Protein chains: 2
Amino acid sequence: MSDDQRRIRTKAATSFDVARLAGVSRSAVSRTFTQGASVAPETRSRVMEAAKALRYRPNLAARSLITRRSMIVAIAVSHLDNQFYPAIVQRISEQLAPLGYRLLLYVTHGEESHEPLLGELRHFGVDALILASRGFAPELLAECDLAGLPVVMLNNASPASHGVMVVGDNYRGGAALARFLIAGEHRRFAYLAGDRGVSSSEERLAGYAAALAEGGRDAPLVVDAGFEFERAFAAASDVLRGPARPDALFCANDNMAFAALQVARQNGLAPGRDISIVGFDNVAISGWPDLALTTYSQPVDALGAKVVEVLVALMAGKADDTTEHRVPGRLVVRDTARQPAHGIFTYADGERGWHPGAP
Amino acid sequence: MSDDQRRIRTKAATSFDVARLAGVSRSAVSRTFTQGASVAPETRSRVMEAAKALRYRPNLAARSLITRRSMIVAIAVSHLDNQFYPAIVQRISEQLAPLGYRLLLYVTHGEESHEPLLGELRHFGVDALILASRGFAPELLAECDLAGLPVVMLNNASPASHGVMVVGDNYRGGAALARFLIAGEHRRFAYLAGDRGVSSSEERLAGYAAALAEGGRDAPLVVDAGFEFERAFAAASDVLRGPARPDALFCANDNMAFAALQVARQNGLAPGRDISIVGFDNVAISGWPDLALTTYSQPVDALGAKVVEVLVALMAGKADDTTEHRVPGRLVVRDTARQPAHGIFTYADGERGWHPGAP
DNA sequence: GTGAAAGCGCTAACAG
DNA sequence: CTGTTAGCGCTTTCAC
């Protein structure tokens, strides 16, 4: 810990220093660092050279005072223990980085009010907000609208008018799983629901129930659980040990399905034989042989790319008229659900899928 | 997407607006928002009222130009798929938030050079850097030193002089696991190593090897794997299917242990009976009944708290003379390793531990 | 294509 | 305790 060095630490070079070294004005150096400004090639190279020598980088704070762009986008997440979220955060971060944007992280807990959040966002002057958290207040969106702050919601529908949504294929996924379970000749269908009122859980249920009805099956037993692992565990215990035990259980996401899996095994039920348990997301660990969860994928790469695409358009002022972007997923067949006699096939990447119409 | 509203969006109020509304000078409003500045209570309340009415928050960018403090701290992480990292990031974020600091996220990949990183850090004017990533260049630390940027390394030792480290109890943990495995009467010990040269992996091995030697056992077979799941999986396959199969395998972290677990089961070996596999971290999922990994904990809460404590001190200019802070963990006994006949006990929180000296 | 000058929103001396 | 003043580092008209 060189205390001396710290004291004489090199104060970062300013545009002034660079200008002087290059023998030009500060405007010249500003222009060389501004996208699409007109500078003579000769000047530019002189400036660049000086900048490199001094390790100069324009100070974003000072710049943002003028340009009103901080190059920071805030992301709010709640369930970092659900592997889906770190994965998507990583993708978004990686896609934003080459564009010069960085993520400012907000770990929320769902319950808090929007007031302080928006205050902070303005405090930091973020350019946009990604809402990947559950249960934010709709007023937040209204306020962001007023403040002119672009918002993209990830897997989160809202009654409010502001903000554009990027969502997985919830309805179709739920329906596909239902058809798969029907083909597996199950009889008593249940749904382990996520937090009430959260669109992703509701939509998955809607698709599930619709396809069940279409197949002439009874409506599923809906068990309120919530997205948290512990609550899912408790709820799964109730259903699986109760009198009307389902033989097919669709869980609102993989993380909840893992909870259900544990419960089943603890109660002597072999998933895939005595009971079928399926999830949603196709989180990385669901492919682990020990878990081998049958699920419907939410492709993190595609989702992240779409979020970034939409975000960038929004920040560029291009009002997006599509307010909802749906990213398709696919059924991934593994071992926690009984497999139909026909229709199983292999995708190009080696995962297994299922084809309803197959012989 | 109210295009009209966006156009007439309320430009955020400035200190000038507040000053005018409150009938005071801009300095007065600045002072009310500055910690420990002297303002008459009367003035303060008038300002606060005006500020609330206008939803005023001082602009951090402008402020930072003067104070040279951005209130943002950068955190570099590499293995977001290892649950340990999201968990620690979450804790740090939560502990920093009440102090007004926010995390700017850098997802690195280990290989990249430090140059652009440091450039970016200065670009954004971050107040400090948390290095929770693997394999950063030591030059980075030197440069941060020169730039006067406080650095805390999480579980990452470095030959460089700059930066303070917060680390888990690697050596003692490795030793504890060794003793536990010895008590379990194993004979052929192995270590599934993380990336070479990374201190956490090396230290765990050192403790393991030392305790093994002390117990009169042969030195462990060291298998180079790396922290990545896939590579750990491949390496585990090699050892567990090779001629000299160990009966006790210590993996550099839980995530790698999970890989080993899968490999063992796939090869007809029941962990905890035919082979003992232990990890390090005590990541949340290691407690899942399906996984039930015996491991040595790295308490994320304590680790996060320590990081924040150190960070804050550093940013306050208090040069910390302790350059390394070690956070103790504990052995957590579950099902993937054979249990000694004696010495198993239960912690206050219900987890099981093991006591070497017990009857 | 370039430099001079003004100013983004704020804080920190400095007088009072 | 308060207001006035200067200036943080940068971009951006505006003349040239």
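Cut-offs applied
Residues numbered from 1 in each chain as written. Chains lettered and ligands numbered in written order. Predicted model: local features only at pLDDT ≥ 70, side-chain atom pairs only at ≥ 80, totals over all residues. Heavy atoms only, no water. Near = heavy atom within 4 Å. Polar contact = N/O pair within 3.5 Å; in protein donor to acceptor, adjacent residues only side chain to side chain. Helix = DSSP H or I, 4+ residues; strand = E, 2+ residues; numbered from the N terminus. Nonpolar A, V, L, I, M, F, W, Y, C, P; charged D, E, K, R; others polar. Least-squares fit on C-alpha atoms with pLDDT ≥ 70 in both. Contact = heavy atoms within 4.5 Å. Pairing = 2+ DSSP bridges. Axes fitted to C-alpha atoms, helices over the stretch in contact; angles between N-to-C directions.

### What to know about the protein's contact with DNA strand C
Thought 1: Lining the immediate surroundings of DNA strand C are 28 residues, of which A:T43, A:I66, B:S15, B:R26 and B:R63 lie closest.
Thought 2: Counting only the atoms of DNA strand C that lie within 4 Å of the protein, the sugar and phosphate share comes to 61%.
Thought 3: A distance of 3.0 Å is found between a phosphate oxygen of DNA strand C and a side-chain nitrogen or oxygen belonging to A:R68.
Thought 4: The set of elements that each furnish at least two residues to the surface near DNA strand C consists of α3 (26–32) and α5 (60–67) of chain A together with α3 (26–32) and α5 (60–67) of chain B.
Thought 5: Ranked by the residues each element gives to the surface near DNA strand C, the list is headed by α5(B), at 5 residues.
Thought 6: Looking at the surface near DNA strand C, its residues break down into 11 nonpolar, 10 polar and 7 charged.

### A look at the relation of the copies chain B and chain A
Two copies of a chain can be linked by a rotation about an axis combined with a shift along that same axis.
Thought 1: Superposition of chain B onto chain A requires a rotation of 180° combined with a translation of 0.0 Å along the rotation axis, giving an RMSD of 0.1 Å. Expressed as an axis order, the relation between the two copies is that of a two-fold axis.
Thought 2: Take the interface residues of chain B: 99% of them recur as interface residues in chain A, which is what a same-surface contact looks like.

### Comments concerning the sheet that holds strand β8 (residues 248–251) of chain A
Residue and element names in this part refer to chain A.
Thought 1: Strand order in the open sheet made by the 6 strands is β7-β6-β8-β9-β10-β12, with mixed pairing throughout. At either margin of the open sheet sits one strand with a lone partner, and together these are β7 (221–224) and β12 (331–332).
Thought 2: Pairing of strand β6 (residues 189–193) with β7, which is carried by 4 bridges, proceeds in the parallel orientation. What sits directly across from L192, in β7, is V223.
Thought 3: The sheet strands contacting helix α12 (residues 254–266) are β6, β8, β9 (276–281) and β10 (294–297), and the helix crosses β9 at an angle near 160°.

### Quick look at the protein's contact with DNA strand D
Thought 1: Close contacts around DNA strand D come from 27 residues, with A:S15, A:R26, B:S27, B:T43 and B:I66 the closest.
Thought 2: Atoms of DNA strand D within 4 Å of the protein belong to the sugar or the phosphate in 61% of instances, the rest to bases.
Thought 3: The contact in question runs from a base nitrogen of DNA strand D to an N or O atom on the backbone of A:A62, over 3.2 Å.
Thought 4: B:R31 places a polar side-chain atom, nitrogen or oxygen, 2.8 Å from a base nitrogen of DNA strand D.
Thought 5: Of all elements in the fold, only α3 and α5 of chain A together with α3 and α5 of chain B reach the threshold of two or more residues within the surface near DNA strand D.
Thought 6: Of the residues belonging to the surface near DNA strand D, the class tally is 11 nonpolar, 10 polar and 6 charged.

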